[in-house]
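Here is what each chain is made of, one letter per residue.
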Amino acid sequence: MDEKQCLFCRIARGEIPSKKVYEDSESFAFLDINPRNPGHVLVIPKKHVVTITEASEEDVSSLAKALRRVAIAAQKATNADGLSILQNNGHAAGQIVAHLHFHVIPRFSSEGPPSLEAVLQVKKFDEESMNRIASLISENAKGIGETAKPNTEKTEKESAAEGKKEEISFEF
Ligand code: 5GP
Ligand code: ZN
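Here is a short report on the structure shown in this document. Source: prediction; values computed, not measured.

**Here we look at the layout of surface pockets**
Item 1. Approximately 840 Å³ is the volume found for the largest pocket.
Item 2. Every residue lining the largest pocket is counted, 36 residues in all, and those nearest its centre are Asp 32, Arg 36, His 40, Leu 42 and His 103.
Item 3. Every element with two or more residues in the lining of the largest pocket is listed here: helix 1 (7-12), strand 2 (27-31), strand 4 (82-86) and strand 5 (102-107).
Item 4. Among the residues making up the lining of the largest pocket, the classes are represented as 19 nonpolar, twelve polar and five charged.

Spelled out as structure tokens, the structure:
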């Protein structure tokens, strides 16, 4: 979907109403229409980008600044005991709206189990698999950001590291 039709682009442009809580030159934040808790906010870049892996380092840096400000404000406003910050990339991860967004969700001690286990169960992997995935992620991290370009324009190191991703598969 292009930025003309995109729901969150339209919200950021004010074409679709939202309960805005924060705005700066690059970012926009508004209440989630289906709040998981009081003060559930979505923080988005004004620029249309779908996932964090498609965004440039500069885009993510400005968004992180807005995210921190909104997180502090949401926690103060709701007197929350904690905050969950979630961000889904792609259908497999539960992304419904195809415009990068961070969920800022105030959390309360009275809610019960606050852990990530409420979303994903712990899985056991053997030591060798854990070592292999750690080294593959570490290899793939090399070179990212050195060019300060979005990672769609890959560096040589990135392309080389990419070749290694086929080596591993996890069974669920
Ligand atoms: P996702 O699953 O993509 O990470 O989350 C999308 C979020 O966007 C959901 O929590 C949903 O409630 C919220 N949402 C979807 N449509 C609208 C809308 O039109 N306005 C607002 N404020 N939130 C929306
Ligand atoms: Zn968009």
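**With respect to the pattern of salt bridges**
Item 1. In total, this model carries eight salt bridges according to the counting rule given.
Item 2. With its nearest N and O atoms 3.0 Å apart, the salt bridge here joins Glu 15 to Arg 10.
Item 3. Residue classification places Arg 10 among the partly exposed residues on the basis of a relative accessible area of 29%.
Item 4. Across the pair Arg 36 and Asp 32 runs a salt bridge, and its minimum N-O distance is 3.7 Å.
Item 5. Among the charged side chains, a network of salt bridges with common partners joins Arg 10, Arg 13 and Glu 15.

**Focus: the coordination of the zinc ion (ligand 2)**
Item 1. Coordination of the zinc ion (ligand 2) by the protein involves Cys 6 (SG), Cys 9 (SG), His 48 (ND1) and His 99 (ND1), with metal-donor separations of 2.0 to 2.3 Å.
Item 2. With four donor atoms in place around the zinc ion (ligand 2) and angles of 105 to 116° between them, the coordination shape is tetrahedral.
Item 3. Each donor residue of the zinc ion (ligand 2) lies on one chain, and together they are spaced C-x2-C-x38-H-x50-H. Residue Cys 6 is located in the segment before helix 1, and its partner His 48 is located in the loop between strand 3 (41-45) and helix 2 (57-78); the two are separated by 42 residues in the primary sequence.

**Looking at helix 2**
Item 1. The terminal C-alpha atoms of helix 2 lie 31 Å apart, and with 22 residues this matches the ideal 32 Å at 1.5 Å per residue to within 8%.
Item 2. When we look at burial in helix 2, the residues that qualify are Asp 59, Ser 62, Leu 63, Ala 66, Leu 67, Val 70, Ala 71 and Ala 74.
Item 3. Residues of helix 2 that are buried make contact with strand 1 (20-23), strand 2, strand 3, strand 4 and strand 5.

Calculation rules
- Residues numbered from 1 in each chain as written.
- Chains lettered and ligands numbered in written order.
- Predicted model: local features only at pLDDT ≥ 70, side-chain atom pairs only at ≥ 80, totals over all residues.
- Heavy atoms only, no water.
- 1 Å grid on protein atoms, 1.4 Å probe; cavity = no way out; pocket = protein on both sides within 12 Å on 5 of 7 lines; lining within 4 Å.
- Points joined across faces, edges and corners; volume = space filled by probe spheres on them.
- Helix = DSSP H or I, 4+ residues; strand = E, 2+ residues; numbered from the N terminus.
- Nonpolar A, V, L, I, M, F, W, Y, C, P; charged D, E, K, R; others polar.
- Salt bridge = Lys/Arg side-chain N within 4 Å of Asp/Glu carboxyl O.
- Buried < 20%, exposed > 50% of the residue type's maximum accessible area, 1.4 Å probe, protein only.
- Donors = N, O, S within 2.8 Å, 3.2 Å for Na, K, Ca; no water.
- Tetrahedral: all angles 85-135°; square planar, octahedral: opposite > 155°, others 65-115°.
- Expected span 1.5 Å × (residues − 1).
- Contact = heavy atoms within 4.5 Å.

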